[in-house]
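# Tertiary structure, described
Chain by chain, the residues:
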Amino acid sequence: MSLQEFWDYLVLGVMLGSLYAVIAIGYTLVYGVLQLINFAHSEVFMLGAYGSLIVLQLVNPGDNPSALASIGFVALAMAGSALFGGFTAYGLEKVAYRPLRRRGAPRLIFLITAIGASFFLYNLAGKLFGRDPLPLPEMYDNHEVFSIFGAGVNITQMLQFATAVVMMVALDMLVNRTKLGKGIRAVAQDAEVAGLMGVNIDKVISRTFIVGGVMGGVAGFLFANLNQVSYTMGFIPGITAFAAAVVGGIGNIRGAMFGGILIGIVETMTVPLLGDEWRSVSAMVVLILVLMFRPMGILGERVGRAA
Amino acid sequence: MLNKTIVKLAIPLAVGALALTGCGSDSGSGDAVKIAFQGPLSGDNVALGENMQNGVKLAIEQANAKGDLDFKVEYVAADDQGLPDKATAAAQKAIDDESVVAVVGPAFSGATNTASPLYAEAGLVTVSPSATNPLLTDPKNEFKSFLRGVPNDNMQGAAMATYFAKKVQAKTVYLIDDKTDYGVGLAGVAEKGLKEAGVKVVKKSVPQKTPDYSATAKDVVNSKADALIYAGYYQDLAPFAKKLKDAGYKGAGISGDGSNDAKFVELAGDASENWFLTCPCTDATVEAGTKKFAADYQKEFGRAPGTYSAEAYDITNMIIEQVKGLKGDVQREALRDALAKASYKGLTKTFSFDENGEFKGTDVYLYQVKGGKIAYQGNVNELVG
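Keep in mind that what you see is a predicted model, and the values were worked out from it rather than measured.

## Section: the pairing of strand 8 (residues 227–231) of chain B
All names here are of chain B. Of all 5 residues in strand 8, 5 are buried, a share of seventy percent or more. Neither face of strand 8 is left uncovered, since the one carrying Ala227, Ile229 and Ala231 and the one carrying Leu228 and Tyr230 both have all their residues buried. Sheet topology note: the strand 6 (residues 172–177)/strand 8 ladder contains 5 bridges and is parallel. Within strand 8, the position partnered with isoleucine 176 by the bridge is tyrosine 230. Inspection of the sheet shows strand 8 paired to strand 9 (residues 252–255) by 4 bridges, in the parallel sense. Across the sheet, tyrosine 230 pairs through a bridge with serine 255, a residue of strand 9. Crossover strand 8 to strand 9 through helix 8 (residues 234–246) is right-handed.

## Some points on helix 4 (residues 107–129) of chain A
All names here are of chain A. Given a rise of 1.5 Å per residue, 23 residues ought to cover 33 Å, and the 33 Å separating the end C-alpha atoms of helix 4 matches this to within 8%. For helix 4, the complete set of buried residues consists of Ile109, Phe110, Ala114, Ala117, Ser118, Leu121, Ala125 and Gly126. Where helix 4 terminates, the next one or two residues include glycine 130, which has phi positive at roughly 90°.

## Describing the nonpolar core
Counting residues in each nonpolar core, the largest one holds 92 residues, and the members touching the most others are B:Phe164, B:Leu228, B:Ile229, B:Phe240, B:Phe264 and B:Ile319. In this structure, A:Leu34, A:Leu100, A:Ala241 and A:Val286 belong to the second largest nonpolar core, which totals 86 residues.

## Section: the interface of chain A and chain B
On the side of chain B, 33 residues touch chain A, which itself brings 31 residues to the contact. Summing both partners gives a buried area of about 3,000 Å² for chain A against chain B, and 53% of it is carried by carbon and sulfur. A per-residue breakdown of the area chain A buries against chain B is headed by A:Gln228, A:Asp276 and A:Glu277, which together make up 17% of the total. Between the two partners, chain A and chain B, sit 2 salt bridges. The salt bridge involving B:Lys179 is made with A:Glu277; its shortest N-O contact spans 2.8 Å.

## Regarding the confidence of the model for chain B
Residues and elements named next belong to chain B. Of all residues in chain B, 92% attain a pLDDT of 70 or more, and the chain-wide mean is 90. Across residues 21–29, confidence stays below pLDDT 50; counting only partners more than four residues off in sequence or on other chains, it has 7 contacts. In the predicted assembly, ipTM is 0.92 and pTM is 0.86.

## Side note on the state of the cysteines
All names here are of chain B. Scanning the model with the defined rule gives 1 disulfide over all chains in all. Put simply, cysteine 279 and cysteine 281 are joined by a disulfide, and their sulfur atoms are 2.0 Å apart. Residues cysteine 279 and cysteine 281 are joined by a disulfide whose S-S torsion is about 120°; by sign, that bridge is right-handed. Each member of the pair, cysteine 279 as well as cysteine 281, is classed as buried.

## Comments concerning the packing of helix 2 (residues 46–66) of chain B against helix 11 (residues 309–325) of chain B
All names here are of chain B. With their axes 7 Å apart at the nearest point, helix 2 and helix 11 run at an angle of 40° to one another. Judged on the interaxial angle alone, helix 11 and helix 2 are oblique. The handedness of the crossing between helix 2 and helix 11 comes out as right-handed. Between helix 2 and helix 11, the residues in contact are Asn51, Met52, Gly55, Val56, Leu58, Ala59, Ile60, Gln62 and Ala63 and Ser309, Ala312, Tyr313, Thr316, Asn317 and Ile320, respectively. The residue makeup of the contact of helix 2 with helix 11, split by class, is 9 nonpolar, 6 polar and no charged.

## Focus on the sheet that holds strand 3 (residues 100–104) of chain B
Residues and elements named next belong to chain B. On the basis of which strands lie adjacent, the open sheet formed by 5 strands has the order 2-1-3-4-5 and parallel pairing. With partners counted over all chains shown, the strands left at the sheet margins are strand 2 (72–79) and strand 5 (146–148), one partner each. Recorded for the sheet is a direction-independent mean angle of 25° between the axes of neighbouring strands. Two elements, strand 4 (residues 125–128) and strand 5, share 3 bridges in a ladder whose sense is parallel. Residue pairing in the sheet places serine 128 in a bridge with arginine 148 of strand 5. Of the strands in this sheet, strand 1 (32–39), strand 2 and strand 3 are in contact with helix 2, which crosses strand 2 at around 170°.

## Here we look at the pattern of salt bridges
Under the definition given, this model contains 20 salt bridges over all chains. Across the salt bridge formed by A:Asp202 and A:Arg102, the nearest N and O atoms sit 2.7 Å from each other. Of this pair, A:Asp202 sits in helix 8 (residues 201–226) while A:Arg102 sits in helix 3 (residues 67–102), and the two are 100 residues apart along the sequence. Of the residues examined, A:Asp202 reaches a relative accessible area of 22% and is grouped as partly exposed. Overall, the relative accessible area of 60% leaves A:Arg102 in the exposed class. Here B:Asp177 and B:Lys203 are joined by a salt bridge, their closest N and O atoms 3.7 Å apart. Placement of the pair is B:Asp177 in strand 6 and B:Lys203 in strand 7 (residues 200–205), with a sequence separation of 26 residues. A cluster of three or more residues bridged by salt bridges with shared partners is formed by A:Glu93, A:Arg98, A:Arg101, A:Arg102 and A:Asp202.

Calculation criteria
- For every chain, the first residue of the written sequence is number 1, and numbering continues from 1 onward in sequence order.
- Chains carry letters and ligands carry numbers; both start at the beginning, A for chains and 1 for ligands, and go up in the order they are written.
- Per-residue local features of the predicted model are confined to residues with pLDDT of at least 70, and side-chain atom pairs are confined, for both listing and counting, to 80 or more; whole-chain, interface and lining totals are unaffected and use all residues.
- Calculated side-chain values reflect all of the structure's heavy atoms, with hydrogen atoms and water omitted.
- The buried label goes to any residue with under 20% of its type's maximum accessible area, the exposed label to any with over 50%, and the partly exposed label to all in between, with areas taken from a 1.4 Å probe on protein chains only.
- Runs of E in the DSSP output that reach at least two residues are strands. Runs of H or I that reach at least four are helices, and both are numbered from the N terminus.
- Should DSSP find at least two bridges between two strands, the strands are regarded as paired.
- By convention, orient the strands away from the viewer: a clockwise path from the first strand over the helix to the second makes the crossover right-handed.
- Expected span of a helix: the number of residues minus one, times 1.5 Å.
- Throughout this description, the term nonpolar core refers to a set of buried Ala, Val, Leu, Ile, Met, Phe, Trp, Tyr and Cys residues connected via side-chain atoms within 4.5 Å.
- Contacts are assigned to residue pairs that have any heavy atoms within 4.5 Å of one another.
- A quick way to say it: buried area is the sum, across both parts, of accessible area lost when two parts are put together, with a 1.4 Å probe.
- By definition, a salt bridge exists where a carboxyl oxygen of Asp or Glu is found within 4 Å of a side-chain nitrogen of Lys or Arg.
- What pLDDT reports is the predictor's confidence in each residue, on a scale of 0 through 100.
- Pairs of cysteine sulfur atoms within 2.5 Å are identified as disulfides in what follows.
- Axis lines are fitted through C-alpha atoms, for helices just across the contact stretch, and the angle between N-to-C directions can take any value from 0 to 180 degrees.
- Angles are sorted into four bins: roughly parallel if under 35 degrees, roughly antiparallel if over 145, roughly perpendicular if 65 to 115, and oblique for all others.
- Take the far helix as your reference; a near helix turned counterclockwise from it by less than a right angle gives a left-handed crossing, and one turned clockwise gives a right-handed crossing.
- For this classification, the nonpolar set comprises Ala, Val, Leu, Ile, Met, Phe, Trp, Tyr, Cys and Pro, the charged set comprises Asp, Glu, Lys and Arg, and every other residue, Gly included, is treated as polar.

Okay, here's the thing in structure tokens:
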């Protein structure tokens, strides 16, 4: 691999990784407050993509919209995906997890429910929106904007990366600087004690789900903008992002960001070095290596502590 | 506590499973003859399955409407999602229904490979309008009930190779398979053809459902290949074609019948422009023999016939004709033997099979996406000259 090729793939890897990071945060947040792996998060992601598709079909960008209109369409699509993602995650918590929590159900039941909810949601989406993949209408003319170390970056990639960074910074500030963030950290550290101290646990958990859902939904839109929308699109990115969350240290927000980007780079670099068929293998090898030497993940579990 | 909950969960599951196994084998009514279609009727490549299903349905409907049959033909759907692991259940559904006398399909090569031993055992004949992996008719498999109604990938892969070597005059070809039975088979033949023609080949496997094709597209550009063969299905080719355009790929691209669907153009948009697509199928809306069929199809389903619609229609009619020939006593094995020996002139081509169930005939047709439409170019052998 030449130096130029190295930079090319590195940039692509960081772009893809930033998306994994945003999805991984959804797993980590929920794990932080509930010690639950929300396997239905990949469906939150998928439904977010459908949300943006529905909005775009309603407003119909048509051919070659002006630059200003393009920004508007992107913002609307993003809002649609955030709404769908947030609402799905909120609904999931309310319907699937809260009743179990009230009854003090064992962890295993939560996990089964999560998998069941995931099956239910993706089949529901298949039934509602059809089982054929659908293209996201073009909102702008995608062309190269600038280059980093000679690696060209186009509008789609810029949008993808910038959105991911903005969302991650906003989340970091939310968790560390706001009252809700304090609540999230308190519940993550010790839910019972937090409750005794006057934290409304139900509210905090519900809002945590919404925050994770909004991020997952927007990531769904960005992914669909890269490829297409289909009811099965959640599974592979979902599992990969879950692995990324574990690599970074599940329950650790900055860990999820770090893990996501690391997995994105590893997957992308695999393509020129070993070939496409080894992508998932190399991601899982990274996961196994990390678990062998640092079972808590690279940065460890720490939603409960100040990040 | 935990054990109790698991038991509580397990009881309804077990009861449900028992109930399900009970409803597999209802036998049909006296005079009706059922023809099944096995292919993707849900899942990722559903458009390819629906194209064929509609062809089968139209043939059945017209046969019933004509009124010269002393039996009634009914349709049975066996959905395998185009997936090998769903194919046995779909096949079993067709086999268990005793009034099913023949199956159109299975549609995909991988699914055909897993389903065919079951059909062979049941003596239930399957005539596929689209499963093109060459190995399916290998006598070693003993797929005794499998007949192929289409030239296999040896022809299609060779046609791609010939077209790129002679017409496009490519120096280096980047060859991708999608790791399915269909893709690997097609790519293997194309590779052989290209090497024989002295073209340099860069061969890669890119599994279906790769979440992001950016890196692959970059790899294609970096390889300096001036042509690309994608052996796989439209669902994956569409995002890949988009990424190739983004990465600045300027060379020629070709894919086979798995991508030859209007859905490819819809999903990939501008990025699908100028892509070549091959198919052992003719364009029903262009060829003179199938114009009426295309109009009937349009009227019935509100859209133009797609890839293999006309072939599925022909095969269904061929089956109905053979059933007629058996004069009321329709045994599965007898119908299988009759079909294997038959020669039927359909709208698209003449269907006849060699002793292994292989289609007799070699014609492959070329299409190219132009102005957002898949435009019919003609027979590859004639185009290359």
